[in-house]
Amino acid sequence: MAISENKSERRLERIDRGIKARTDGIYALLSWREISYLMAPRTFLLMGLLVLPVFLPEVWQRVFCLAGIYSLLAIAFDFLFSYAGMVSLGGALWMGVGGYTVGILGSEFGLPPVFSLPIGTFLGGGICTVLLLPTLRLKGIYFAIATFIYPFIISHIIEALQIAGGTFGLADLPVIENGWVVLYVMAVLLTGIFFGIRRLVIEDVGMVFRSMMENDQAVSASGISITVLRTIAVYIASCIGCLAGGYLSVLYGWVGMSFFALDFSILPIAASVIGGPGTFAGSLLGAFILVPLTEFLRPFGPMRMVGYSVILALFVVLKPEGIFPYLTRKYNQFQRWVEV
Amino acid sequence: MSGKENGTVLRVERLSKMFGGVVALNDVTFEIKKGDILGVIGPNGSGKTTLINCITGFVKPTHGGVYFNGTDISGFTPHKIANMGIGRTFQVVRPYHTLPAYKNLIAPLFSARARHFPGSGGLGNRGGIAIDILEDVGFERDARVPYKPAGDLPLGYLKRLELARCIALRSDVMILDEVFSGLSAAEIASLVPLLERLNMDGVTLIMVEHRLKELFTLASKVVVLSFGVKLFEGNSDDALKDEKVKEAYFGKGKEGMI
């Protein structure tokens with residue numbers, strides 16, 4: 001009661017910036033200022049992905065590539081989670097299957113990365129989809145558990161039967177010699193996939209996916225097969241994930257059982273969640289914060305994980321909406337205190 | 001079994017459904033001619049929704065068959081039946097809450113059935129077609145209503161949205177599960193002409209209803225269910241005079257009035 005009697009009660013009010021309101025319609029094309037307002041975030045992203053790598057020292061170029069791999073995994077997770085309603089812990093599965101497919105294509109068939117990477121991406125995506133087919137009916141946490149189990153099964157089969165290089169993995173795979181090509185393959189693929197998937201989810205197909213997420217029975221009453229839809233969604237995500245795995249094997253010239261490591265399932269989810277699920281830009285941002293962060297913290301030795309976890313917790317507690325939605329809000333709106 | 005020659009579009013034959021030991025439907029048989037409006041009524045728990053679910057493939061019948069244009073469709077998947085031309089609405093509306101209202105129609109417009117029809121927006125114009133359909137079912141065109149998230153719309157609009165989905169699918173037979181329930185008299189009065197117009201366009205309607213007065217102005221024939229058994233089939237006026245129907249609704253020996 002005392003509070004309501006207090007005259008100085010204030011409320012935070014958020015208002016769209018004038019330029020945001022003006023650039024909502026076609027009128028945006030009337031002035032350079034408004035066009036640049038619209039283009040600035042995209043230009044910033046493109047510069048970051050395509051131009052920044054040139055100025056990085058060689059060690060950080062490697063970090064850039066790793067961050068790109070985690071970004072791809074985070075985008076794949078975010079696509080399934082936010083647009084198809086499937087919680088996937090499949091990062092390790094995609095990395096492993098993608099990595100081994102590209103690795104086997106390289107070691108057994110002698111294919112150079114220019115062929116093995118694209119073939120491995122689509123073939124690996126197909127293998128993952130077939131593996132996940134029996135679990136497509138599962139929802140929520142049950143699908144997550146199914147995707148979580150496969151990496152264990154496959155890596156233990158490899159270990160027990162000593163196939164595909166066994167415990168030692170496949171070494172001396174064909175690699176791309178030129179470091180710049182390696183770097184820009186990732187930069188260009190990541191840019192393409194990022195804008196491609198953002199486009200996909202606002203297209204009609206994306207609307208059908210989102211409809212399925214909200215109510216699958218209503219979608220099947222509308223004459224669309226849920227199983228087919230889920231299969232397509234899983235195939236798209238698996239291809240993106242397997243590309244990440246295949247790329248890592250090309251980057252290292254080696255593929256082994258550590259490709260099935262749990263990190264590849266967990267870290268992309270963390271990246272997606274702190275960046276803001278459903279935006280893809282958030283996944284990208286999250287991965288490009290978390291991966292370099294682990295490198296920064298490397299000198300601290302065992303304390304590294306403590307620092308890492310504390311920073312992660314701070315992000316989740318202080319910015320639960322995600323970093324990217326927060327930035328979007330700051331860009332489009334200003335806030336002020338008003339007397340109530 | 002029954003062919004097209006006598007104009008029968010849908011025929012339910014000796015349909016039974018058991019959930020464990022519970023008999024939800026017991027030996028139900030009826031048929032509906034093309035262009036008719038059939039009312040399905042009955043007290044709560046009489047198996048009306050189970051009947052719909054059996055026809056539309058959401059539930060597999062234990063015995064019996066459902067014949068659509070002479071083909072036995074019992075056991076087909078829901079999306080296959082929808083693509084053959086049987087659309088349905090849900091008793092509890094199922095909008096895609098976060099999508100704008102008109103984007104709710106993208107899924108049916110995307111179906112294999114809708115693609116066969118010209119003017120279903122196949123060339124990337126599904127949004128425009130969806131707006132047209134929403135206008136057709138009574139959304140204001142220039143207002144912001146079709147662009148609002150479906151979750152923000154009142155029930156009257158959501159019922160129309162359910163109908164709009166069947167229209168977008170170009171269904172020949174629409175099965176409407178209690179479209180009038182929860183609506184005010186005025187809202188029902190504005191919905192009736194829409195249903196009449198759909199029927200005049202050649203759509204066969206099966207309406208499951210509790211609002212008998214409105215139903216009887218529309219339906220040419222009714223089927224009365226009670227505890228999964230068909231009590232009555234025939235003219236809607238005769239239904240209320242039937243002793244067994246009265247008993248099911250009001251109990252034995254009481255003079256009922258509806």
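Residues numbered from 1 in each chain as written. Chains lettered and ligands numbered in written order. Predicted model: local features only at pLDDT ≥ 70, side-chain atom pairs only at ≥ 80, totals over all residues. Heavy atoms only, no water.

### Considering the overall build of chain B
Thought 1: The helix and strand tally for chain B stands at ten helices and ten strands.
Thought 2: The C-alpha radius of gyration of chain B comes to 18 Å, within 12% of the 18 Å expected for a compact globule of 258 residues.
Thought 3: A principal-axis box enclosing the C-alpha atoms of chain B has dimensions of 55 × 40 × 35 Å.
Thought 4: Put simply, chain B has 258 residues, and 55% of those count as buried.
Thought 5: Residue pairs in contact within chain B that sit at least 24 positions apart in sequence constitute 66% of those at least 6 positions apart.
Thought 6: With the model as given, the accessible surface of chain B reaches about 11300 Å², and the carbon-plus-sulfur share is 53%.
Thought 7: Here chain B holds 32 positive side-chain charges and 28 negative ones, and the gap between their average locations is 6 Å. (Helix = DSSP H or I, 4+ residues; strand = E, 2+ residues; numbered from the N terminus. Rg over C-alpha atoms; globule rule 2.2 N^0.38 Å. Buried < 20%, exposed > 50% of the residue type's maximum accessible area, 1.4 Å probe, protein only. Contact = heavy atoms within 4.5 Å. Areas by Shrake-Rupley, 256 points an atom, 1.4 Å probe, with all protein chains shown as cover. Lys, Arg positive; Asp, Glu negative; His and termini not counted. Charge placed at Lys NZ, Arg CZ, Asp CG, Glu CD.)

### As for the sheet that holds strand β3 (residues 37–41) of chain B
Residues and elements named next belong to chain B.
Thought 1: Overall, mixed pairing links the six strands, which are arranged β6-β7-β8-β3-β9-β10 in an open sheet. Two strands lie at the open edges of the sheet, namely β6 (86–88) and β10 (229–234), each paired on one side alone. With strand direction ignored, the average angle separating the axes of adjacent strands in the sheet is 15°.
Thought 2: As paired elements, strand β9 (residues 221–226) and β10 share five bridges and run antiparallel to each other. Of the residues in β10, the one forming a bridge with L225 is K230.
Thought 3: The sheet strands contacting helix α7 (residues 185–200) are β3, β7 (173–177) and β8 (204–208), and the helix crosses β8 at an angle near 145°. (Pairing = 2+ DSSP bridges. Axes fitted to C-alpha atoms, helices over the stretch in contact; angles between N-to-C directions.)

### Overview of the side chain of S220 of chain A
Thought 1: Checked against the element boundaries, S220 of chain A lands in helix α10 (residues 216–221).
Thought 2: Each residue touching S220 of chain A, except ones within four places of it in the same chain, is listed here: I226 of chain A together with F58, P78, H79 and A82 of chain B.

### Regarding the pattern of salt bridges
Thought 1: Throughout the structure, instances matching the rule amount to twelve salt bridges over all chains.
Thought 2: Note that R199 of chain A is salt-bridged to E203 of chain A, the shortest N-O span being 2.8 Å.
Thought 3: A relative accessible area of 51% places R199 of chain A in the exposed class.
Thought 4: The closest approach of N and O atoms between R329 of chain A and E321 of chain A, which form a salt bridge, is 2.9 Å.
Thought 5: Looking at E321 of chain A, the relative accessible area reads 35%, which means it is partly exposed.
Thought 6: Each of R11, E13 and E31 of chain B takes part in a single network of salt bridges with overlapping partners. (Salt bridge = Lys/Arg side-chain N within 4 Å of Asp/Glu carboxyl O.)

### Comments concerning the interface of chain B and chain A
Bring the parts together and some accessible area is lost; that lost area is often taken as the interface size.
Thought 1: Taken together, the contact between chain B and chain A spans 23 residues of the former and 18 residues of the latter.
Thought 2: For the pair chain B and chain A, the summed buried surface comes to about 1800 Å²; carbon and sulfur atoms form 61% of the total.
Thought 3: Where chain B packs against chain A, one counts one salt bridge.
Thought 4: Linking chain B with chain A are seven residue pairs in polar contact (both at pLDDT 80 or more).
Thought 5: Taken together, the elements giving at least two residues each to the side of chain B that touches chain A come down to α2 (78–84) and α3 (106–110) of chain B.
Thought 6: Residue composition of the side of chain B that touches chain A, grouped by class: 13 nonpolar, five polar and five charged. (Buried area = accessible area lost by both parts, 1.4 Å probe. Polar contact = N/O pair within 3.5 Å; in protein donor to acceptor, adjacent residues only side chain to side chain. Nonpolar A, V, L, I, M, F, W, Y, C, P; charged D, E, K, R; others polar.)

Scope: geometric values only; no functional claims are made or implied.
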